[in-house]
Structure formats: C-alpha cells, structure tokens
Amino acid sequence: MLLKRLLTLASAAAVVAVAGTASAVTAEAGTTGSTGTIGSTGTTESRTTNTGTTNTVPTETSTTAPAALTLVTGDRVMVTSVKDRITYTPVGGSRDAGFREIRRPDGDVEVIPATAVPFLGHGLDMSLFDVSALRSYSDTGRIPVRLSFAAGQKPTAPAGVTLTSVSGNTATGYLTSKSATAFGTALRQRNATDATDPLPRGLTSMTLAGASAQVPTSARYALSPVQLNITDLTGAPASNALVTFVNTDSFDRLWADQVPLSDGVARIQAPAGHYMLIASFQDEDAAGNTTATRQVVMDDLTVPSGTGGVTAFNVSEATASDRITVGTPRPATQNSLSDKVLRTDANGATMTFSADVSGTTPLYVNAVDTPATGTLSNMVVWSGSAADYGYDLAFVSKDKVPANESYQAKPARLATVRNRLYKSPGYSSASGNMTAVLTDPGFGLSLTFRPAMFGTVLTDYVLSTGEGTWSEEMTTPDHVTFTSPADQYVAGRTYTEDWGKGPVAPTSTVVWNGRACAMCTAGGTLNIGLESLGDSGPGHSGVLLFGMPASYHLTAYRDGTQIGETTSTQPLTTTGQPLTPATYRAVADLDVGGSSLGTTSHTDLTMKYTPDAPSAGASDCDGGSGTVPCQVLPMLGAHYDLAGLDLSDTSTTPRQQLHLTVDHLAVNGAGSDSPVTAATVDVSYDGGKTWQQARLTGAAGDYVASWPNSPVHSGVLPAIRVTAADAAGNTLSQTVTNAYRIGSAQ
C-alpha cells in the first residue's frame, strides 16, 4: 500500500517545466468507442459561482496527481490513476522528442524512448522499459539491473550505473533518477557515432533485475520461420526501428513486442495465421536528437502453414509518408502529438500501440484499411498552445487509419474552458503546469501538458470523441496539484474553472478506486491523515506532494490518548486498535507560507468510530483485504468560496462574503450521512490575536458568511476560523491564516 500512496502522492515537480509531451497508454483493456466530437460558441457555464452552485454534472471520476517514474535513459514517465484506470505518460527529456508505447494483452505497458531503440536486442533488454514492473521499485529510488559481459570481459560499470556485486562475467547494480540521465547521455553519444554497442564495450545484456524472459509464442503451435526485411528512408537496411509482430487470430498465440533487428533483418518463429506488424522509426540528426517519428502499420499479413520455407515481409520506413497535421481556429504551436492504434484479435482481446512526439517534432503514419480479422481503431491526440490559450483535441477513426491525416478543429465543434489561475499575494514565481486528461472507453487515458502562468486566465479549447470525457489538473508553482472531475464538455458552451483560489486548506473529498483512503479503518488498522487540499472549485482535490515546500505535523488520538504522530503527508497508520466504539481525533498543522497558496492552517477533527461504519471496499486502505473491508471514518470537511477575489486573491468589496459548505469524506460512495447541524465562522485581522464573529445564514452544511473589509485593514491578510458539527457528534475546527488580502478600494 505504500507503493499505492507513492504513486498517488509523489512529487509532480517534473511536470512543471515541461512544455508538452505525448499522450499516454492506459494499462486497462477496453472496447472501441464511437466517432464523434463535442466542443464552442454560445452558452456559458460556470462550474463555480459566488454562491457555489455547480451547473455541470461531473462523472464519478477522481484523478490522482501524477507520480514520476524514471527510465534508465533518464526520461520520465508520469503515472496517473483515474478511478480504476492507470495511465503511463512519457515526458520528453531535454534532448528526446519521441517515444513508443505498447500495452500488451497481459496489461503490462512498455514505454521506449527513441534513444534506446538502436540498442534493443544489442545489449539493452525490453524489460528495462516495462513501466508496469518499474512501479514496484518507485519507493526505493533505484532501478536495479543485471548485467552480462562477453566471456573473458571484466565487468565495468556503464555510465550512470553503480555496481553492487560482480561474479565472473556478470554483475548486479542500480541506477538512480539522477544517474540515469548520464546513462541516457552516453546512449545519445553512441547514437551520434552510429554505434550499436552499449556502453561499456563488452556488455552483452542489461536487464531489469528480477525480470523474467518474455515467451511470446505458445509451444502448443507448430512454428514457421518469418523474416522481416526492414529498410530506412534511403532504402538501406534499418537500424532505427522497433518492430512488433502480433497474431490477430489470437494474441495468445504470439505477441512479440520487440523482434530483434540486425542489419535490417528481423527473424522470428511464428504459428500459421493472420498478423499485424507495427514498426516505429526514429530519424535523428548528427547529434542524436530525434527529428521525426514514423509509424508503419501493416495488417492482414498471412503466415501459411506447412510450406517448409521462410515467409518474408518487406517493411519500408518510407511507407509512413502521411504527416499528421492539425489546424486550429487560432494560431497554436504543437506541444505534443500521439497516434494510437487500438487492435482487437478475433476473440476481442485488445492491444494498444502508440507513437508519441513532443514539441514540434513531426509524426508520419500510413493508411490502413479495415482488417479482415478482429477490429482496428485509430485516435490522434494533439495539444497546442499560444501565450494565453491552448487546444486539446482528439480525433477518432473507426475501423481504419485514414489516408488523409490533415485534421481541422472547427470552432462550432469546440468547447471552451476558461481556467482562472489564482496567485496569492507576495509570491514572486507564477510558473505552473496544466494537464488535460482525456478518458475514452476504448483507448483509455491520454494526457497532455503545457505551461500555465498563475495570476492569469488560460483558455483551453477542447474537442473529444463522443464517448470521451476531459478533466483538467493544475499544478501550482510549488508543485501542489489540483484535479477536477471529468466533464462531457458540450460544443458551443463555455465553462469556467477557478484554480488555487484561496483559502486553500485540508478538507474532505470524494475518493474512487485507484486512490487509497486516508481516513479509514480496516480491522485493527487505523489510517488517519489529511492528504487532500481544497480550493474554491467544486469537486477539486489538491494533493500534498513530497516536493512541496511545506511543514506538516499530525497527531492522532483515541479516546483522548495519543496513538501516533507524523510529519509526513502520507497518512499515519497504526495497528492493534480495538474493534470497539471510540472517538478518534486528528490534529494537523500545515504551513505552506511563502508559496503560491500563501496559507497556513490548523485543523482539529473528532470522529466517532463504530464497528459497523460504512464499508468502502476490500483494498482501498492499508490493512484492507478481501475479507477485511475498509471502513470510512466520519470526517467533516469545510469548502471555502470567497466572493469578489481578483487573480491575486485580493478583495476590494466593502463587505466580504464566503460561501461555506461542510460535508463528509466519501470513498467509493461510502461515508457518513449524518446531517450537519451547526457551524460558525470567525475572522481575525491581527493574525489570530482577536476574533470577530461573522454573520452566518444557511443550514444543513450550506452557509453564507459575511464580514466587513474595512479600509483601516487595507493590505491585511485575514485569518478565517470555522467550526462545524453533525448530529452524530463528529466535529471540525479549522483555522486558515492569510486566507486572502484586503485591497485598498473598499
């Protein structure tokens, strides 16, 4: 469960500086979706208003903040979970612009950067890029590797690798996220000299430690020799290709993620049947930088039975001659581009192949007709931007890869999302990052990234398939990531999202599969933590990240006796708790002063536990299992929406209004339904020395508070204190300092 939390909460710092990256492959199988678009001119919808009403209906989807995995080349892969789907998104390195992604029938996902392609089968093993396996090492900070050298060759550490043991001509070692960059640089240098021997010389094999050899072909079938003759753009034998060969009658008969290539020839033993071949080519300049990616797809290939000879197929890089281009109503520079092919076999099993480029790197493909065996669908995901706006577009073609790869985003088919990015007073840096997440029932998840300047409005024009839904994430300059629910954005409508609008404080949230419960019990195991931040956006969930410049301290009590404390933003886990009624208490202090959020908070919660507490499922918390359910503690949370704030969190209204909602934590739809019976709001203009009670109206968890913004307090950053209780006796007391700034024109 620690790994699950690391993937949910790990720092998204690597995302902030990325101008754009490719869309992602999900690790869950799906079915193809229908073609359609949605998108903008006319109706305006605001998710958030001054009264806190919500006009859009979010789906039951919760997106976790991306966590970073490092490949041996130093490239990053972001891991994001939306409900029960896991997405792996390559993030372009400083020199690379191309990736190849494969989702295998067994669910494993491989992400191969262009740097590594010439060395696959020539020293580097595909297991090094199995991101599904790399997840198991994310909490160690190391990538363990096993190395073999030629007979008589003394093992020598490649650049970036630390050897831990040597035995004969084999060795074990590891790379770190920092040292992997050195290994990737060494590979690029070798690429520039047209060499295909890994570093150092004599290294014959480098694999992920513990990886088992892939056995693509079942021994139940008679095998025939197949030869693939691969040529590059000049017609010469290719060394820049990654070749995948799969049986479309049944993926179980053969799936070969990487057919070894030598001097332009790839050989494999395959059972008779129908096949699909995908070859990804990376073109590079003299310095080893990717200048273009080409994805060749050949379908309905036949390997006959009983011929006794070799079945040969000729594969030319020049076949991928159709460059994917996207036109937009307003000028925009490409940030990322992904071409996905979703293939099912005759039994309905699915595999996804994706060629991804970042920046303005061109991507070329070829037309593919409707296959005779199984099905094929194609999706192009494109992201582009200008100074204060951008586009996130998805185009789906069912049953084929079209011959015309020029796509046009028509204004009437776009939805408009106005993202208002709030930058708290006195914070100098404003650079953050925006992530757009497309959830498609067939292709799974696709992510795009672009820079976002806080203190401004960033407009996103969205187009997706009829069954696809977009959600958005904003990462603040200090690496706190807020996520929104997924929406079916409708063509012609405008939506407004407020991000990071103060005050920002720990709160309750809605949690779905893929994100562990931070306030749950499982048998005698107690999980207690405040890992979610709220801003003014309904449905937004902010994640406390490891890289965040904050101090945090939580103390937990049971019936008045302290049972633990932590300074980690991960929930505190204690075992041996009696399964009898009790009152749990959590007291947490969070300091993010000096950040773009500009607030500190003190939260005091009491929660009445009973053995029959609502169950959230079998494995959504530490201690949970198939026989021990996770039970949700009745945590109360406050959600703040201050009216009249500008993008610097400054109010110039003479009387301040706050829309306050109080509700309970919900996990997979389970949580307390005890009605909220009481609430108070107090305001301090002197840092909490004295307090004034605010005027409060409303009931049952929905309130409006008001107080004066006096000219005498111009420039002051008030503190807000909220208390609440429900009918069961659960309570909340929360104080948030530097909640907003009082301007000078009341």
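Below or above, wherever it landed, is the structure these notes cover. (Residues numbered from 1 in each chain as written. Predicted model: local features only at pLDDT ≥ 70, side-chain atom pairs only at ≥ 80, totals over all residues. Heavy atoms only, no water.)

Another point: the pattern of salt bridges. Per the stated rule, a full pass over the model turns up 9 salt bridges. Across the pair arginine 343 and aspartate 299 runs a salt bridge whose closest N-O atoms are separated by 2.9 Å. Here aspartate 299 lies in strand β18 (residues 290-303) and arginine 343 lies in strand β22 (residues 333-344), a separation of 44 residues in the sequence. The class for aspartate 299 is buried, based on a relative accessible area of 15%. (Salt bridge = Lys/Arg side-chain N within 4 Å of Asp/Glu carboxyl O. Helix = DSSP H or I, 4+ residues; strand = E, 2+ residues; numbered from the N terminus. Buried < 20%, exposed > 50% of the residue type's maximum accessible area, 1.4 Å probe, protein only.)

Once that is clear, we can look at the state of the cysteines. Scanning all chains against the criterion turns up 1 disulfide. Between the sulfur atoms of cysteine 517 and its disulfide mate cysteine 520 the distance is 2.2 Å. Around the S-S axis, the bridge from cysteine 517 to cysteine 520 shows a dihedral of about 90 degrees and counts as right-handed. Overall, the relative accessible area of 1% leaves cysteine 517 in the buried class. Cysteine 520 sits in the buried class, given a relative accessible area of 0%. (Disulfide = S-S within 2.5 Å.)

Now for the packing of aromatic side chains. For any two aromatic rings, the description comes down to two numbers: the centre-to-centre distance and the angle of the planes. Going through the model one piece at a time under the given rule, you end up with 8 aromatic pairs. When the centroid spacing of 6.3 Å and the interplanar angle of 65 degrees are considered together, the rings of tyrosine 389 and tyrosine 461 count as edge-to-face. Taken together, the residues tyrosine 389 in strand β26 (residues 389-398) and tyrosine 461 in strand β31 (residues 457-463) connect sequence positions 72 residues apart. Look at tyrosine 461 and you get buried, because its relative accessible area is 14%. (Phe/Tyr/Trp six-rings, centres within 6.5 Å; stacked < 30°, edge-to-face > 60°.)

To continue, consider unusual backbone geometry. Residue proline 503 is reached from glycine 502 by a cis peptide bond, and omega for that bond is -5 degrees. By the secondary structure assignment, proline 503 is in the loop between β34 (493-499) and β35 (505-506). The backbone of aspartate 263 shows a phi angle near 55 degrees, a positive value even though the residue is not glycine. The exposed category is assigned to aspartate 263, whose relative accessible area is 68%. A positive phi is found at aspartate 399, a non-glycine position, where the angle reads about 75 degrees. Position of aspartate 399 among the secondary structure elements: in the loop between β26 and β27 (406-408).

This brings us to the nonpolar core. Core analysis: the largest hydrophobic core is formed by 81 residues, its most contacted members being Met519, Ile528, Met607, Tyr640, Leu660, Val681 and Trp707. When residues no more than four places from it in sequence are discounted, the contact partners of valine 681 are Leu658, Leu660, Gln692, Gln693, Ala694, Leu696, Ala705, Trp707, Ile720, Arg721 and Val722. With 32 residues, the next largest nonpolar core counts Leu120, Ile143, Phe149 and Leu175 among its residues. (Core = buried A, V, L, I, M, F, W, Y, C linked by side-chain atoms within 4.5 Å. Contact = heavy atoms within 4.5 Å.)

By themselves, these figures tell us nothing about what the structure is for.
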